[in-house]
Amino acid sequence: MQGMSLEDGSPEPAAPAMPAKPAAPAKRKHPRWLLLLEILTVVAVVAPFIAFLIATNLGSSGAGGSSQVTVRNDGGATVTVQDCPPGCASPAQVVLTPGSSTQVSVAKGGTTYYVLDRAGALSGCLALSPTERSPVQLSTAGACSGHR
């Protein structure tokens, strides 16, 4: 059968196989942990910026349009600072020992805080504004208008 011709209907000798085009390299899969790291990095950078924008749009104030001011007891006696006159129903109050301080909320229009001695007697008032420079010393408390 060596002498067979192509005309006699026999199959053509097989041509040497051409190597197929090399496949394009497979796309390397992006590791999930790396994607998570990228997302967390963006959040860590963007979140404080958004918080800053929100705070500045609210006028650096918290709920109700108030801001925080630090009040410091620069006197030699323990006092109570509260947000309403002595004898009011439910004051928000804090006891300050000499040298201690606390933060108080001050409304946009200003807030008066009442300073009471250990016996509960009114010793002065602090008329605070939200632009007050902290810390405000209790020695700057003045007379309370309209209160005994």
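Remember, it's a predicted structure, so these values are computed and weren't measured experimentally.

Can you explain the pairing of strand β5 (residues 111–116)? Please cite residues and give values.
The element β5 is largely enclosed, with a buried count of five among its six residues. Inspection of the sheet shows strand β2 (residues 79–82) paired to β5 by three bridges, in the antiparallel sense. Residue pairing in the sheet places Thr80 in a bridge with Leu116 of β5. The antiparallel hairpin formed by β5 and strand β6 (residues 122–128) contains five residues in its connecting segment, where Gly120 sits at a positive phi of about 95°.

Outline the state of the cysteines, listing residues and values.
A full pass over the atoms with the stated rule returns two disulfides. Covalently, Cys125 is tied to Cys144 through a disulfide, its sulfur atoms 1.8 Å apart. Here Cys125 and Cys144 share a disulfide; its torsion about the S-S bond, 110°, makes the bridge right-handed. Taken as a pair, Cys125 in strand β6 and Cys144 in the segment after β7 (136–137) lie far apart in primary sequence, 19 residues in all. Cys144 matches Cys125 in its accessibility class, with the two residues each being buried.

Now, about the confidence of the model for the chain: what can you tell me, with residues and values included?
In the predicted model, the chain carries a mean pLDDT of 78, and the fraction of residues at 70 or more is 71%. Of all helices and strands in the chain, the one with the weakest mean pLDDT is helix α1 (residues 32–57) (76), whereas β7 scores best (92).

Can you explain the sheet that holds β2? Please cite residues and give values.
The strand order across the open sheet built from four strands is β3-β2-β5-β6, with neighbouring strands paired in antiparallel fashion. Either end of the sheet is taken by a strand with one partner, and the two such strands are β3 (93–96) and β6. Across this sheet, the average inter-strand angle for adjacent strands is 25°, counted without regard to direction. Here β2 pairs with β3 via four bridges, running antiparallel. When the sheet's bridge partners are listed, Thr80 is paired in β3 with Val95.

Rules used throughout
- Residues numbered from 1 in each chain as written.
- Predicted model: local features only at pLDDT ≥ 70, side-chain atom pairs only at ≥ 80, totals over all residues.
- Heavy atoms only, no water.
- Buried < 20%, exposed > 50% of the residue type's maximum accessible area, 1.4 Å probe, protein only.
- Helix = DSSP H or I, 4+ residues; strand = E, 2+ residues; numbered from the N terminus.
- Pairing = 2+ DSSP bridges.
- Disulfide = S-S within 2.5 Å.
- pLDDT = per-residue confidence, 0-100.
- Axes fitted to C-alpha atoms, helices over the stretch in contact; angles between N-to-C directions.

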